[in-house]
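Residue-level structure breakdown
If you want the building blocks of each chain, they are given just below.
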Amino acid sequence: MYRAFYGLAGRPFGIAPDPDFHFPSAGHRAALDHLAQGLRRGEGAVVLTGAAGTGKTLLGALLAARLGTVRVLVLSGRSAPQGAGGILAAIAAGLALGAEAGTAEALLRALRR
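Cut-offs used in this document
- Residues numbered from 1 in each chain as written.
- Predicted model: local features only at pLDDT ≥ 70, side-chain atom pairs only at ≥ 80, totals over all residues.
- Heavy atoms only, no water.
- Core = buried A, V, L, I, M, F, W, Y, C linked by side-chain atoms within 4.5 Å.
- Buried < 20%, exposed > 50% of the residue type's maximum accessible area, 1.4 Å probe, protein only.
- Helix = DSSP H or I, 4+ residues; strand = E, 2+ residues; numbered from the N terminus.
- Axes fitted to C-alpha atoms, helices over the stretch in contact; angles between N-to-C directions.
- Parallel < 35°, antiparallel > 145°, perpendicular 65-115°, else oblique.
- Left-handed = near helix turned anticlockwise from the far one by under 90°.
- Contact = heavy atoms within 4.5 Å.
- Nonpolar A, V, L, I, M, F, W, Y, C, P; charged D, E, K, R; others polar.

1. Details of the nonpolar core
- Listed in full, the seven residues of the largest apolar core are A31, L32, L35, A36, L59, L62 and L63.
- Elements with a contribution of two residues or more to this core: α2 (26-40) and α3 (56-67).
- Ranked by residue count, the leading element in this core is α2, at four residues.

Structural data, given as C-alpha cells:
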C-alpha cells in the first residue's frame, strides 16, 4: 500500500530499522553528531538513551552504514542486562569476544584487547 501510493522503492515499516528511510529531524541530527564525535575522539564507547520508539536503533544502524567499521550494540527494554557485570557480559557477547561468562576483570581485559 505505502510503496504504490508514495512511489517508494522498498517497505518503509519493516521490523528492523532501515537507514534508507531515515528522516533527519533536528533531534536525530544532534544525536548522530554526538555519536560520530565520540567515535572520532576515540571514546571507545558512546551511549545513547531514550524512550522506546525514538529512533536509537535506527541511528545506530545509520552510523554503522555510514562509517562501515562501527559495531553497534543495542541493549533495550526488559531484556537489558542489570548491573555492571551484566552490561559488560552483554557487550562482550555482542562483540563476539567469547568472554561472556568471565569475571568483570576478564571481561574488561577482553574488551581492551
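Right, picking up where we left off after that structure.
2. Notes on the packing of α2 against α3
- Running from N to C, α2 and α3 cross one another at 50 degrees; their axes reach a closest spacing of 10 Å. Taken together, the axis directions place α2 and α3 in an arrangement best described as oblique. Taken as a pair, α2 and α3 cross one another with a handedness that is right-handed. Touching H28, A31, L32, L35, A36 and L39 of α2 are L59, L62, L63, R66 and L67, all from α3.
- Within the contact of α2 with α3, the residues separate by chemical class into nine nonpolar, one polar and one charged.

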